[in-house]
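Each chain, letter by letter, is given below.
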Amino acid sequence: MPSVPDIRIQNNNQALAEAAAEFILEMGRETVRAKGRFFLALSGGTTPGTLYRVLASPAFINRFDWSRATFFFSDERCVAPNDPRSNYVLANNTLFAPLKISPAQVYRMAGESRDPQAAAHEYEQQLRRATNTSPSTRPTLDLVLLGLGEDGHTASLFPGSPALQDNQSLIAVTQSPKDPPTRLTMTLGAINRASVILFLVTGAGKAGIVRAILDPKTEAERQLPASLVAPEEGRLIWLLDRAAAAELPTHQQRTSA
Ligand code: 6PG
């Protein structure tokens, strides 16, 4: 039974990043208490940058034992690991380095690979090994962070992408209409296994697509990649700022600020 999205609206980007940080730290502590380790996948794009900076800020930096975390990525651009367009570069500069995260805790997608398909396969193997998942089952990450593009894409799952029908692979190679064109991405099969999926979406430019995903009127809107994100057993949370939530119907506009 698809889970009803839990929509939380914050006044602005900074308040949203602080609410996301509070949520992640609390979930991290609970998960480590229960299982000893916290498996999370980071999203790309620009929106998570504020969150990563908040997590590494004096008010938050010592509130969780980050040595217990294992980091994955929900997608990566096929560029070198020092390319400013790389999702790894954003996370490394704003989170891993300030938190002194050991490289052994980070599973980076090899966006620089000359053979993206082989890199996708290799990352799938790493994901299974790191989470101790047998070949016949799919790993359950504790938390998957996602963003949302104005065309309804999430991770690097774009409208019309064949990877949306791929229910075999955990990691796929996709083509993006946005630069850089070639991407590595978690598939819906990997994302929808997560215990918690947390969307972070900010800005007036996203208000229309947020309405299309959370209050769909047409079959086309229900088939947008972000609309197909529905945890099989987990929770789905949408953290929005007021501008991104502006076109939602009143009953979905519940401010938690
Ligand atoms: C990527 C992302 C992508 C991103 C959205 C939103 O690598 O580009 O994973 O899905 O989350 O495009 O991007 P912004 O946060 O920059 O608006």
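Residues numbered from 1 in each chain as written. Predicted model: local features only at pLDDT ≥ 70, side-chain atom pairs only at ≥ 80, totals over all residues. Heavy atoms only, no water.

Comments concerning the sheet that holds strand S3 (residues 69–73)
- The strand order S1-S9-S8-S5-S2-S3 describes an open sheet built from six strands, whose pairing is parallel. The open sheet is flanked by strand S1 (6–10) and S3, the only strands paired with a single partner. With direction set aside, neighbouring strand axes in the sheet form an average angle of 20°.
- Here two bridges tie strand S2 (residues 38–42) to strand S5 (residues 143–146), and the two strands are oriented parallel to one another. Looking across to S5, one finds that Ala 41 is bridged to Val 144. (Pairing = 2+ DSSP bridges. Helix = DSSP H or I, 4+ residues; strand = E, 2+ residues; numbered from the N terminus. Axes fitted to C-alpha atoms, helices over the stretch in contact; angles between N-to-C directions.)

A word on the sheet that holds strand S6 (residues 171–175)
- Pairing within the open sheet is antiparallel, and its three strands lie in the order S4-S7-S6. The sheet is open, and its two edges are formed by strand S4 (75–77) and S6, each paired on a single side. Across the sheet, the axes of successive neighbouring strands diverge by a mean angle of 20°, strand direction being ignored.
- Inspection of the sheet shows S6 paired to strand S7 (residues 182–186) by five bridges, in the antiparallel sense. Each bridged residue has a counterpart across the sheet, and for Ala 172 the counterpart in S7 is Thr 185.
- Each of S6 and S7 touches helix H4 (residues 116–130); the most contacted strand, S6, lies at about 150° to it. (Contact = heavy atoms within 4.5 Å.)

Quick look at helix H1 (residues 13–35)
- With 23 residues, H1 ought to run about 33 Å at 1.5 Å a step, and its terminal C-alpha atoms sit 32 Å apart, in line with that.
- If you check which residues of H1 are buried, you get Leu 16, Ala 17, Ala 20, Ala 21, Phe 23, Ile 24, Leu 25, Met 27, Gly 28, Thr 31 and Val 32.
- Of the surrounding secondary structure, the elements contacted by the buried residues of H1 are S1, S2, helix H2 (48–55), S5, strand S8 (196–201) and strand S9 (235–241).
- Backbone nitrogen of Gln 14 and a side-chain oxygen of the N-cap are separated by 3.2 Å at the start of H1; the cap is Asn 12.
- At the exit of H1 stands Gly 36, carrying a positive phi of roughly 90°. (Expected span 1.5 Å × (residues − 1). Buried < 20%, exposed > 50% of the residue type's maximum accessible area, 1.4 Å probe, protein only. Polar contact = N/O pair within 3.5 Å; in protein donor to acceptor, adjacent residues only side chain to side chain.)

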